Amino acid sequence: MNSLELNIKNLWKPLAIVAALAFLYANVLLKLGRDWWTDENYSHGLLVPFVIGFIVWTEFGELKNARRKPQFWIGGAVIIAAILMLFGGSLGAELFTQRVSMVLVCAGIVVYFFGARLLRLLVVPFALLLLSIPIPQIIFNKIAFPLQIWASQAAVWGIRLFEVPTLRKGNVIEILPRGATQIIALEVVEACSGIRSLMTLVTLALILAYFTGEKKESGAGKFGRSADFWRTVILMFSAIPIAVLTNAARVTATGVTTYYYGKKATESAWHEASGWLVYVAALALLIAVNAGLKTVFRRINAAKSPKNSAADFAFAENECETENRSSARGFQTKFAAYVLIAVLLCGGIFINWFERRGETEIARKSLSEIPQTLGDWRQKGSEIRFGEQTESVLRVSDYTMREYFTADNRLANIYVGYYASQRTGATYHSPQNCLPGAGWTMREPELVEIKTAGGKTFNANRYIIENGVYKEVMIYWYQGRGRFEASEYRDKINTVFDSVVRRRSDGAMVRVMTSVGADEEKATASAINLSALLAERLDEFVPE
């Protein structure tokens, strides 16, 4: 009975801290779990908690016997900073900041109760947790697009090895099947570029390197100080070319089979199964690289002189003894635990209240109601709609794409993509990422001044874009909450500020394109004219 009472007495504080943490990060955990379940780029996150639990369990003896020196002030400062990050991320509609703060607060709690030494023993679990957090969409797009292009280039090279005629336009590969008259376009999307397998492979590389490391008495604690650290770094970076090459091989196989069997090669069960085969092949290559690195580093270690090794050991031993003499046994007071629980609960009450407060509802008209006449420009045909897959990637709340023409037969295309809220992670897709992927070359970037009839003046991006025989002038900007921005990064900063001050994160990306024709200067002037007319009318649809 006394033993049971003692166990309960020892357990209630850790359980209370875990419950307070869950309360503080309830919304963050729910959104993260949903992303793990629905986003194929981070589906490995579903397994990460179990892997972390297994690592802690296998290293529990070492963790239990590690010297503990509570650092209340340092740990407390880290915890407060993490809660402020959570608050700022909630105010600024930035999911990444909120999720990183969760990792930071856990690290702070370890330092708070046990000291920084124990945190070093948990470096791998914390690294795994960070790798399972989806990166911001703006950064993700910057990573995904080069991978798509590299995978496309490698796939075209591979397809041509089989003497299959093909043409690449950005990340679109065009193939004319044997005996056919219609070209089939294979788009190397994120799923085929390696970006999805990359996030999983980098995580697997860390896990593989950890569990195949040299067995030492101090296990995880020495992991970051030995050759295992450099082997892990190299292995994780090797996941990038492995992901691209294996996925390029998949696209190559799809291209070759498309040439011989037509479009059904891209719709068969084999094509779906090839996605899993890519993972298996990539994992096999990762294991092979790891084995090679272990051999190399083993030989390097063997080449070291015994004298140096003995000196290193003596240094480490003396360092340990010095630390043992200087370390004072930490005293984990009830007061420290009570203060931490109170801080977490107070933060949780405020954060949960803010999350449920929501954003300000703004009345607006549907973009489909944009006038069919803008100055001298008149709409041609009906609205252009994207396919279901494209819409799922864009994640817009409302959008319109249509064509306008003038009396002198100049034709222009406009696109407006509106986001009612960016708190969920849905945000603009920059033309700098989307258009090159579709085969467009962007050149001659500059800022142009747009002046509306109502007296508004703002800067917008202007590019000359080319795709084969097509040459267009493109102007685009970001508009919302009365702001007009050319830079997506400044617009993001403004979104954070307005979310804090005005409880709003809505906005739109606006794009205007027209053919250069025989006179680039005249085409640019026409595009600026239509941009000014469109910006003037957008207040009803993208409210201030």
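Residues numbered from 1 in each chain as written. Predicted model: local features only at pLDDT ≥ 70, side-chain atom pairs only at ≥ 80, totals over all residues. Heavy atoms only, no water.

Here's the deal with the pairing of strand β8 (residues 441-451)
Then comes step 1: Relative to strand β9 (residues 457-467), β8 runs antiparallel, the two being bridged by nine bridges. In the sheet register, Thr441 faces β9, and the bridge partner there is Glu466.
Then comes step 2: Counting the residues in the hairpin turn of β8 and β9 gives five residues, including Gly455, whose phi is positive at 100°. (Pairing = 2+ DSSP bridges. Helix = DSSP H or I, 4+ residues; strand = E, 2+ residues; numbered from the N terminus.)

Details of the confidence of the model for the protein chain
Then comes step 1: Averaged over all residues, the pLDDT of the protein chain is 80; the fraction at 70 or higher stands at 82%.
Then comes step 2: Below pLDDT 50 for its whole length, residues 307-331 participates in 13 contacts with residues either more than four positions away or in separate chains. (pLDDT = per-residue confidence, 0-100. Contact = heavy atoms within 4.5 Å.)

What to know about the packing of aromatic side chains
Then comes step 1: According to the stated counting rule, one finds 15 aromatic pairs in the structure shown.
Then comes step 2: Here Phe54 and Phe211 contribute two aromatic rings whose centre-to-centre distance is 5.8 Å and whose plane-to-plane angle is 45°, an arrangement assigned as tilted. You can see Phe54 sitting in helix α3 (residues 48-58) and its partner Phe211 sitting in helix α11 (residues 195-211), a full 157 residues away along the chain.
Then comes step 3: In this structure Phe54 comes out as partly exposed when scored by relative accessible area, which is 43%.
Then comes step 4: Residue classification places Phe211 among the partly exposed positions, given a relative accessible area of 32%.
Then comes step 5: Relative to Tyr478, the ring of Tyr476 has its centre 6.1 Å away and its plane inclined at 90°; by these criteria the two rings are edge-to-face. The pair Tyr476 / Tyr478 is uniform in exposure class, with both members buried.
Then comes step 6: In this structure an aromatic cluster arises from ring pairing among Phe54, Trp57, Tyr210 and Phe211.
Then comes step 7: A cation over a ring is seen here: Arg364 above Tyr418, with NZ or CZ 4.0 Å from the ring centre.
Then comes step 8: For Arg385, the ring lying beneath its charged end belongs to Tyr399, and the centroid distance is 4.0 Å. (Phe/Tyr/Trp six-rings, centres within 6.5 Å; stacked < 30°, edge-to-face > 60°. Buried < 20%, exposed > 50% of the residue type's maximum accessible area, 1.4 Å probe, protein only. Lys NZ or Arg CZ within 6 Å of the ring centre and 35° of its normal.)

Overview of the packing of helix α2 (residues 26-38) against helix α6 (residues 95-114)
Then comes step 1: Contact geometry for α2 and α6: axes closest at 10 Å, N-to-C directions at 110°. Classified by the angle their axes make, α2 and α6 are roughly perpendicular. Facing Val28, Leu29, Lys31, Leu32 and Asp35 of α2, the residues of α6 in contact are Leu95, Gln98, Arg99 and Met102.
Then comes step 2: In terms of residue class, the contact of α2 with α6 is built from five nonpolar, one polar and three charged. (Axes fitted to C-alpha atoms, helices over the stretch in contact; angles between N-to-C directions. Parallel < 35°, antiparallel > 145°, perpendicular 65-115°, else oblique. Nonpolar A, V, L, I, M, F, W, Y, C, P; charged D, E, K, R; others polar.)

Structural notes on the nonpolar core
Then comes step 1: Grouped together as the largest cluster of nonpolar side chains are 31 residues, with contacts concentrated most on Trp477, Leu534 and Leu538.
Then comes step 2: Looking at this core, the elements with two or more residues in it are β7 (411-419), β8, β9, β10 (470-480), β12 (507-515) and α20 (520-537).
Then comes step 3: Looking at which element gives the most residues to this core, the answer is α20, with six residues.
Then comes step 4: Not counting residues within four places of it along the chain, the set of residues in contact with Leu534 comprises Ile370, Leu374, Ile414, Val416, Val510 and Val512. (Core = buried A, V, L, I, M, F, W, Y, C linked by side-chain atoms within 4.5 Å.)

Focus on the side chain of Thr166
Then comes step 1: Relative to the elements of secondary structure, Thr166 occurs in strand β1 (residues 166-169).
Then comes step 2: Here Thr166 is in contact with Val156, Ile159, Arg160, Ile173, Glu174 and Ile175, once residues within four sequence places are set aside.

Considering helix α19 (residues 488-502)
Then comes step 1: For α19, spanning 15 residues, the distance from its first C-alpha to its last is 20 Å, which sits close to the expected 21 Å at 1.5 Å a residue.
Then comes step 2: Regarding α19, the residues found buried are Glu488, Asp491, Lys492, Asn494, Thr495, Asp498 and Ser499. Buried positions in α19, seen along its axis, are confined to an arc of 165° and lie on one side of it. In α19, the exposed positions angled more than 90 degrees off the buried face are occupied by Ile493 and Val501.
Then comes step 3: The opening residue of α19 is Ser487, an N-cap whose side-chain oxygen sits 3.2 Å from the backbone nitrogen of Tyr489.
Then comes step 4: With its phi angle positive at about 60°, Arg503 sits one or two positions after the end of α19. (Expected span 1.5 Å × (residues − 1). Arc of directions from axis to C-beta. Polar contact = N/O pair within 3.5 Å; in protein donor to acceptor, adjacent residues only side chain to side chain.)

Quick look at the pattern of salt bridges
Then comes step 1: For the structure on display, the rule yields 17 salt bridges.
Then comes step 2: The salt bridge partner of Glu444 is Arg443, with a shortest N-O separation of 2.0 Å.
Then comes step 3: Note that Asp498 is salt-bridged to Arg483, the shortest N-O span being 2.9 Å. Of this pair, Asp498 sits in helix α19 while Arg483 sits in strand β11 (residues 483-485), placing them 15 residues apart in sequence.
Then comes step 4: Among the residues examined, Asp498 registers a relative accessible area of 0% and is labelled buried.
Then comes step 5: Through salt bridges with shared partners, a single network forms among Arg443, Glu444, Glu446, Arg462, Glu466 and Glu520. (Salt bridge = Lys/Arg side-chain N within 4 Å of Asp/Glu carboxyl O.)

Digging into unusual backbone geometry
In terms of backbone geometry, most residues other than glycine have negative phi values and most peptide bonds are trans.
Then comes step 1: In this structure, Glu163 takes a positive phi of about 60° despite not being glycine.
Then comes step 2: Phi at Arg503 is positive, roughly 60°, even though this residue is not glycine.
Then comes step 3: Counting through the fold element by element, Arg503 comes out in the loop between α19 and β12.

Considerations on the environment of Tyr112
Then comes step 1: Locating Tyr112 in the fold gives a position in helix α6.
Then comes step 2: Each C-alpha atom of the pair Tyr112 and Val78 lies 8.7 Å from the other, and the pair is 34 residues apart in sequence.
Then comes step 3: In this structure Tyr112 touches Pro70, Gln71, Phe72, Gly75, Gly76, Ile79, Ala336, Val339 and Leu340, once residues within four positions along its chain are discounted.

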